[in-house]
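Structure assessment
The lines below spell out each chain.
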Amino acid sequence: MTESESASLVKTLRPFHVWALGVGIVLVGEYMGWNFTVAKGGVLGSLLAMLVAGTMYVIISLCASELGSATKLAGGPYDWARLFIGPGAAASVGLAVYMEYIALEAADAIVVAFIASEVFPELQVFPVTLLVIALLTFINYRGVVAALTLNFVLTMIAFIAIVVFFFGTAFGVVDIHPEYLFQGAMPNGMIGLFAALQFGPWFYLGIEGAAMCAEECKHPSRAVPLGQQAGMITLLIGAAMTLYLCAVLIPADMLGVSVYPLFEAAQNSGIFIFIALLGLGTLLTCLASANGCVCDSSRSWFALSRDHYVSSWFSAVHPRYNTPYRAVIFTMPVAIGFAFSGFLDQVITFSIVSGLLCYVLIPFALIRFRNLFPETTSKVRPFAGPLQPYIAYFAIVIAITILSTLFWGYKYNLIFGFVFYGVAYFYFNRKHKTSKAENNWVEMGWPEPKGSENARIGKEVIGVEFSDD
Amino acid sequence: MSSATINPEMESRYHSKLNGDSALVAGMLVLLVSVELFVIGKILLATWEIASNFFYLYVIFFGLIIGVETIGCLRVRDSIKKHMFEFTYYD
């Protein structure tokens, strides 16, 4: 066994790192992207999309907290699907998570480069994008603690910028335009209200990724639920503040097509300190998001590699920095490929489709987990979420509803997503049913799954072939 | 960790840190409810002529978010309290 094969991921992360990973990835969606809800459904459509998606994500984050603190594995949604659903679903979710985050990383890096080139016109977008991707890859290569501590600082500054701007506006420091709320209330009628749901996930897209650092947490059964729930509350607060600020400072027809809506709202306030804060926040939140995406996508690839879904070469852990360094480095060429594909809007939509697929399968994994392991013991389920499995079913219904709204404008992306993940499902399901992997319930310190039928499925999902004898 | 190894000083420190965690999350929840009420109230009042036909949708989903998140946070607190000595969370 080589040194890198014998090394394991370091267990040092604390709840604030989990918060930083989750919120860091997502907060960029509140600085830009969410405002397409306004283009579809006006201010009322946007408010409804924020609340409906918020409900789904609160439930998803509770599911992720329970599953993450129970399994304590780096693959997150991939590992939950592998353990509780099956190899086909596991591969689909693993790839979906990888694609979701790597596409987002590419988009974030390009936005950082655009902002840098606007501030310093002598800079070109292409080399700056490369530099950003390379720098963040290097930080993640050197260590997860440094990467997520950096994310904490960047994210906190970006979040505080929103809070300060909101309270400044609410207490009358800024002249607002309440008439914009009525003028842009619902330009496309009830159908617009429904269509706006497709962009609702922008407010919270990726928060489930916070649980993907469970394997590197010092106390995952405390850090994951606490960090994840604190992160979810932060995003809900940020989403409501963002919607209000932009809706009363930018006319709805302009808000719907704005590239940097929060920054534009700050510009419309005419107050320099808010313009500077939100400008800085836009830049930092993109960096934080890209940084978190490198972390999460590399962990997903690492987990897929560790279980031989992709080449096991990527599952090596750095003997000194204790990071999955080959998986981390591999994010770089893929992100660069996405960034310069020339189809960035398609890439981002593919990221949303991938995310929504996860939001169907994560609650389903929780339902299966509850069926297979009903006991709530310290070893199996240190954190048991409330109202389960009923709210998990409800989250699945919301996720499918939002997926269906993508037919308004993104029909081909949706079909391509289904075909891509469908092929992955059947390919990996067939491949892993004939492999000889050993059951790892005992290694995890868990009992056998409940019931003979479930026990059989439990063995199938980790790839043990069954024969009549 | 067995109860025999839990001394009063450790117990006091653990409960103090648990209260710190609880206060942080409770503070965030209060801020969340205040901000959401403010924003939803402002938008619905300004658009009441249109929104009055389906305002209940906003009420239902606001209630779901706050209700489920609050119960979830209480469960997180219970879980930490139950396991904090066993897994030495605050050492």
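Residues numbered from 1 in each chain as written. Chains lettered and ligands numbered in written order. Predicted model: local features only at pLDDT ≥ 70, side-chain atom pairs only at ≥ 80, totals over all residues.

Of regular secondary structure, chain B possesses three helices and zero strands. Reading the secondary structure of chain B in the N-to-C direction produces α-α-α. Burial statistics for chain B: of 91 residues in total, 27% are counted as buried. (Helix = DSSP H or I, 4+ residues; strand = E, 2+ residues; numbered from the N terminus. Buried ≥ 20, exposed ≤ 12 C-beta atoms within 10 Å, placed from the backbone.)

Broken down by element type, chain A carries 19 helices and zero strands. For 469 residues, the compact-globule formula gives about 23 Å, and the C-alpha radius of gyration of chain A, at 22 Å, lands near that figure. Over its C-alpha atoms, taken along the principal directions, chain A stretches across nearly 75 × 45 × 40 Å. Relative to its full complement of 469 residues, chain A shows a buried share of 61%. Summarising the internal contacts of chain A: among those between residues at least 6 apart in sequence, 82% fall at separations of at least 24. (Rg over C-alpha atoms; globule rule 2.2 N^0.38 Å. Contact = placed C-beta atoms within 7 Å.)

With that out of the way, let us pick up the interface of chain A and chain B. Between chain A and chain B, the contact holds 41 residues from the first and 36 residues from the second. Secondary structure elements with two or more residues in the side of chain A that touches chain B: α4 (36-71), α9 (179-183) and α11 (220-249) of chain A. Sort the elements by how many residues they give to the side of chain A that touches chain B and α11 of chain A lands first, with 15 residues. Per-class residue counts for the side of chain A that touches chain B are 33 nonpolar, seven polar and one charged. (Nonpolar A, V, L, I, M, F, W, Y, C, P; charged D, E, K, R; others polar.)

In this section: the confidence of the model for chain B. Per-residue pLDDT for chain B has a mean of 92; in total, 96% of the residues score no lower than 70. The complex prediction reports pTM at 0.92, with the ipTM value standing at 0.95. (pLDDT = per-residue confidence, 0-100.)

Moving on, we get to unusual backbone geometry. Residues other than glycine predominantly adopt negative phi, and peptide bonds predominantly adopt the trans conformation. Residues and elements named next belong to chain A. Note that the residue after Gln388, namely Pro389, is joined by a cis bond; omega there is 0°. You can see Pro389 is positioned in the loop between α16 (344-372) and α17 (390-405). Phi angles above zero are rare outside glycine, and His308 is one such case at about 65°. The exposure class of His308 is partly exposed, given the 14 C-beta atoms found within 10 Å.

What follows covers the confidence of the model for chain A. In low-pLDDT regions, the fine details of the predicted coordinates are not to be read closely. This prediction gives chain A a mean pLDDT of 89; 93% of its residues lie at or above 70. Low pLDDT, under 50, characterises residues 462-469 of chain A; the stretch is placed with 14 contacts to residues that sit more than four places away or in other chains.

Residues and elements named next belong to chain A. Where helix α8 (residues 144-170) meets α11, the axes come as close as 10 Å, and the angle between the chain directions of the two elements is 45°. Between α8 and α11, the angle falls in the class oblique. By crossing handedness, the relation of α8 to α11 is classed as left-handed. On α11, the residues that touch Phe159, Ile162, Val163, Phe165, Phe166 and Thr169 of α8 are Thr234, Gly238, Met241, Thr242 and Leu245. Partitioning the contact of α8 with α11 into residue classes produces seven nonpolar, four polar and no charged. (Axes fitted to C-alpha atoms, helices over the stretch in contact; angles between N-to-C directions. Parallel < 35°, antiparallel > 145°, perpendicular 65-115°, else oblique. Left-handed = near helix turned anticlockwise from the far one by under 90°.)

Residue and element names in this part refer to chain A. At a minimum axis separation of 8 Å, helix α6 (residues 87-119) and helix α14 (residues 272-306) run at an interaxial angle of 155°. On the basis of the axis angle, α6 is roughly antiparallel to α14. Crossing angle aside, the handedness with which α6 passes α14 is left-handed. Grouping the amino acids of the contact of α6 with α14 by side-chain chemistry returns 18 nonpolar, five polar and three charged.

Turning our eyes to something else, we now look at helix α7 (residues 125-142) of chain A. All names here are of chain A. Helix length check: α7, at 18 residues, gives a terminal C-alpha distance of 26 Å against a target of 26 Å (1.5 Å per residue), a fit within 8%. What α7 keeps buried is the set Thr129, Val132, Ile133, Leu136, Thr137, Asn140 and Tyr141. Along α7, the residues classed as buried sweep out an arc of 165° about the axis, all on the same side. Next to the buried residues of α7 lie α6, α8, α14 and α15 (325-339). (Expected span 1.5 Å × (residues − 1). Arc of directions from axis to C-beta.)

A few words on the environment of Asn429 of chain A. Residue and element names in this part refer to chain A. Positionally, Asn429 belongs in helix α18 (residues 411-433). Here the alpha-carbon distance between Asn429 and Gly88, two residues 341 residues apart in the chain, equals 4.0 Å. Among residues more than four places away in sequence, those in contact with Asn429 are Gly86, Pro87 and Gly88.

All names here are of chain A. Within the secondary structure layout, Thr129 lies in helix α7. For the pair Thr129 and Glu215, spaced 86 residues apart in sequence, the C-alpha separation works out to 30 Å. In this structure Thr129 touches Ala109, Ile110, Ala113 and Ala339, once residues within four positions along its chain are discounted.

Take the environment of Thr323 of chain A next. Checked against the element boundaries, Thr323 of chain A lands in the loop between α14 and α15. Setting aside residues up to four positions removed in sequence, Thr323 of chain A forms contacts with Asn140, Tyr141, Gly143, Val144, Val317, His318 and Val328 of chain A.

The next thing to look at is α14 of chain A. One full turn of an α-helix is made of 3.6 residues, so residues set three or four places apart face in the same direction. Residues and elements named next belong to chain A. The first and last C-alpha atoms of α14 sit 51 Å apart over 35 residues, in line with the 51 Å expected at 1.5 Å per residue. The element α14 is extensively covered by neighbouring structure, given that 29 of its 35 residues are classed as buried. A positive backbone phi angle near 65° is found at His308, which sits one or two residues after α14.

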